[in-house]
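Residues per chain, in single letters:
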Amino acid sequence: MCGRFTQQRPTAELADVFDAESLVEAAEPRFNVAPTDGIVAVVQPPDDRRLLTTLRWGLIPAWADSPKVGASMINARAETIFTSSAYRASVRKRRCLIPADGFYEWRRQPDLPNGDPQRGGKVAKQPFFIHRRDGAPLAMAGIWSPWKEPLSEQWLRSCAIVTTAADAFMAPIHDRMPVILPPEAWQRWLDPTVDDVAELRGVLEPSSVLLEAYPVSTLVNSVRNDSPELVARIDGEVLRA
C-alpha cells in the first residue's frame, strides 16, 4: 500500500518535469502527505493539455453519499481496479500521475510481537523512506473522480494511488507498493482516449528501478509532524534496487 508520501519539489519544477500547465499556486514543501490532504497531481483532459492541479487524496466515487468514504479509498489495487465498482469508471477515463519525492512504508520487526510498541529500545514497526537514488521525482499511477456535494452542489475532485504486489526490492519491507511509471509510460496512462484494458494492465507493473530505502524516525507516524527531519536517514539497513 501507500499511506504517506512527500511532495517537496516546487510546483514550477513539477510543471517542467511533467510538461504540464500549472494551475497550482506555489506551496511549502510537504514531508508527510496523509489521506484526505489536498495533493498535486497531473491530469490530461480530452483537449490533450496536461495540467498540474490539486486533488483530494482518497477517492470519492460519484455514487457516494458522503465524502467520508474517501478516507478508506486511498489506494486502488491493480489486480481488481478494472472490475471494482468504485474504481472501474475512473481507470477507464480519468487517470492521473501523482508526483512524489518519495514515500514511506513500515516494516514490522520480526522479533517484536504485535501490540508491543517497544522492547529493548527497538520499535515494533520501523518506517522506511523510499526514493529514487538520482533524486528525480517518482510518478505514481493514480485515478481520479469528480463528486458533487448534494446540498451545495459544489464539485470535489479526489484520487487514489494504484498499488501492486511488491517486487523483490520492496518485499522485505512490505507486500504492496505503488505503481511507479517510467516517463515513456506517462502519456499512455494519461491519455483519456486509451481505454483498452489489456493495454492499461500492461502499464501497471511493479518497478523499483533506481530506488533506495532507508530507515527514518518514527516522527513520521504522526500526521502532525511535517518537516525535513522526517526524511533524514537514521542508523540501520539501507536497501537498494
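The coordinates are above.
Conventions adopted
- Residues numbered from 1 in each chain as written.
- Predicted model: local features only at pLDDT ≥ 70, side-chain atom pairs only at ≥ 80, totals over all residues.
- Heavy atoms only, no water.
- Buried < 20%, exposed > 50% of the residue type's maximum accessible area, 1.4 Å probe, protein only.
- Helix = DSSP H or I, 4+ residues; strand = E, 2+ residues; numbered from the N terminus.
- Arc of directions from axis to C-beta.
- Salt bridge = Lys/Arg side-chain N within 4 Å of Asp/Glu carboxyl O.
- Phe/Tyr/Trp six-rings, centres within 6.5 Å; stacked < 30°, edge-to-face > 60°.
- Contact = heavy atoms within 4.5 Å.
- Pairing = 2+ DSSP bridges.
- Core = buried A, V, L, I, M, F, W, Y, C linked by side-chain atoms within 4.5 Å.

*Asks:* Requested: an account of helix α3 (residues 183–190), with residues and values cited.
*Replies:* The periodicity of an α-helix, 3.6 residues per turn, causes residues three or four positions apart to be oriented the same way. Every buried residue of α3 is accounted for by Ala185, Trp186, Trp189 and Leu190. The buried residues of α3 all sit within an arc of 125 degrees when viewed along its axis, so they share a single face.

*Asks:* How would you explain the pattern of salt bridges if you had to name every residue and give the values?
*Replies:* Applying the stated criterion across every chain, the model contains nine salt bridges. Taking the shortest distance from any N to any O, the salt bridge between glutamate 13 and arginine 9 comes out at 2.9 Å. Residue glutamate 13 is classed as partly exposed on the basis of its relative accessible area of 35%. On the basis of relative accessibility, which here comes to 17%, the residue arginine 9 falls in the buried class. Across the pair arginine 240 and glutamate 212 runs a salt bridge, and its minimum N-O distance is 2.9 Å. On the criterion of sequence distance, the pair formed by arginine 240 in strand β16 (residues 239–240) and glutamate 212 in strand β15 (residues 211–215) is long-range, its members being 28 residues apart.

*Asks:* Residues and numbers for the packing of aromatic side chains, please.
*Replies:* As enumerated under the stated definition, the model contains five aromatic pairs in all. Note on phenylalanine 5 and tryptophan 57: the rings are 4.9 Å apart at their centroids and 65 degrees apart in plane angle, and the pair reads as edge-to-face. With a gap of 52 residues between them, phenylalanine 5 in strand β1 (residues 4–7) and tryptophan 57 in strand β5 (residues 51–57) connect regions that are remote in the sequence. A ring pair is formed by tyrosine 104 and phenylalanine 129, whose centres lie 5.2 Å apart and whose planes are at 50 degrees; its orientation type is tilted. On the criterion of sequence distance, the pair formed by tyrosine 104 in strand β8 (residues 102–108) and phenylalanine 129 in strand β11 (residues 125–132) is long-range, its members being 25 residues apart.

*Asks:* Any chance you could break down the environment of leucine 190 for me, citing the residues and the numbers?
*Replies:* Counting through the fold element by element, leucine 190 comes out in helix α3. Measuring from C-alpha to C-alpha, the distance between leucine 190 and glutamine 44 comes to 5.8 Å, with 146 residues separating the pair along the chain. In this structure, leucine 190 is in contact with Val42, Val43, Gln44, Arg50, Arg95, Cys96 and Leu97, ignoring residues within four places of it in sequence.

*Asks:* Would you mind going over the sheet that holds strand β3 (residues 30–33) in detail, with residue names and values included?
*Replies:* Strand order in the open sheet made by the six strands is β3-β1-β8-β11-β15-β16, with antiparallel pairing throughout. Here the strands that pair on one side only, and so sit at the sheet edges, are β3 and β16. As defined by bridge partners, β15 adjoins β16 across two bridges and the pair is classed as antiparallel. Bridging from a neighbouring strand, glutamate 212 pairs with arginine 240 of β16.

*Asks:* Got a sec to walk through the pairing of strand β12 (residues 138–148)? Specific residues and values, please.
*Replies:* Two faces belong to every sheet, and in a regular strand the side chains alternate between them. Of all eleven residues in β12, nine are buried, a share of seventy percent or more. Of the pairings in the sheet, the one linking β12 to strand β13 (residues 155–165) comprises seven bridges and is antiparallel in character. The residue bridging proline 146 from the neighbouring strand is arginine 157, located in β13. Connecting β12 to the next strand, β13, in antiparallel fashion are six residues, including glutamate 153 with a positive phi near 60 degrees.

*Asks:* Outline the nonpolar core, listing residues and values.
*Replies:* Core analysis: the largest hydrophobic core is formed by 33 residues, its most contacted members being Ile143 and Trp189. Looking at this core, the elements that each hand over two or more residues are α1 (11–17), β4 (38–43), β12, β13, α3 and α4 (197–203). Per-element tally for this core: the top contributor is α3, with four residues. Residues within four places of tryptophan 189 in sequence aside, it is in contact with Val91, Arg95, Cys96, Leu97, Ala141, Gly142, Ile143, Val162, Leu181, Leu200, Val203 and Leu204. If you look at the next biggest cluster of nonpolar residues, it comprises 29 residues, including Leu51, Trp57, Ile74 and Ala213.

*Asks:* So, the environment of arginine 133: which residues are in play, and what are the values?
*Replies:* With respect to the helices and strands, the residue arginine 133 is situated in the loop between β11 and β12. If we skip the residues at most four places from it in the chain, arginine 133 touches Leu210, Leu211, Glu212, Arg240 and Ala241.

*Asks:* Lay out unusual backbone geometry with the relevant residues and their values.
*Replies:* Located in the positive-phi region is threonine 36, a residue other than glycine, with phi close to 80 degrees. Residue placement: threonine 36 occurs in the loop between β3 and β4.

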